[in-house]
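Working through the structure, step by step
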Amino acid sequence: MAHEIQREHGQTKGRYVIRLNGEEAELTYSITSPTLIIADHTGVPDSFRGTGAGLALVTRMVEDARKEGFRIMPLCPFVNAQRKKHPEWADAFAV
């Protein structure tokens, strides 16, 4: 399933979000510097389970990290688990 992901980016915090039928799946982050963000939390409602929404959110974050030149500190357990499953993403993470 292809997901439309929107990014909401503030001065100190941001999130990636997928909206579907009035619900949201999100990956929140904190901005520590222009070159480092902390992936804080991934929240996926039960209605999204099995759609690949969580992986899509992490994939988008990795793509943005590569394009924009920042690295990701995976504080969120889900993001960290995906990092371990995808060694090809190593360049995007600060661990």
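Described below are features of the structure shown in this document. Because the structure is a prediction, the values reported are computed rather than measured.

Procedures and definitions
Residues numbered from 1 in each chain as written. Predicted model: local features only at pLDDT ≥ 70, side-chain atom pairs only at ≥ 80, totals over all residues. Heavy atoms only, no water. Core = buried A, V, L, I, M, F, W, Y, C linked by side-chain atoms within 4.5 Å. Buried < 20%, exposed > 50% of the residue type's maximum accessible area, 1.4 Å probe, protein only. Helix = DSSP H or I, 4+ residues; strand = E, 2+ residues; numbered from the N terminus. Contact = heavy atoms within 4.5 Å. Pairing = 2+ DSSP bridges.

Turning next to the nonpolar core. Tyr 16, Ile 18, Leu 27, Met 61 and Ile 72 are the most contacted members of the largest nonpolar core, which has 25 residues in total. For this core, the elements supplying multiple residues, two or more each, are β2 (13–20), β3 (23–33), β4 (36–43) and α1 (53–68). Here this core takes seven residues from α1, the largest share from any one element. Residues within four places of Ile 18 in sequence aside, it is in contact with His 3, Glu 4, Ile 5, Glu 23, Glu 24, Ala 25, Phe 48, Ala 53, Ala 56 and Leu 57.

Moving on, we get to the pairing of β2. Note: strand β1 (residues 6–9) against β2, four bridges, orientation antiparallel. Looking across to β2, one finds that Gln 6 is bridged to Val 17. Linkage of β1 to β2, two consecutive antiparallel strands, is achieved through a turn of three residues. Where β2 and β3 come together, eight bridges link them in antiparallel fashion. Along β3, the bridge assignment pairs Arg 19 with Glu 24. Hairpin remark: β2 followed by β3, antiparallel, with two residues in the connecting loop; positive phi at Asn 21, about 50°.

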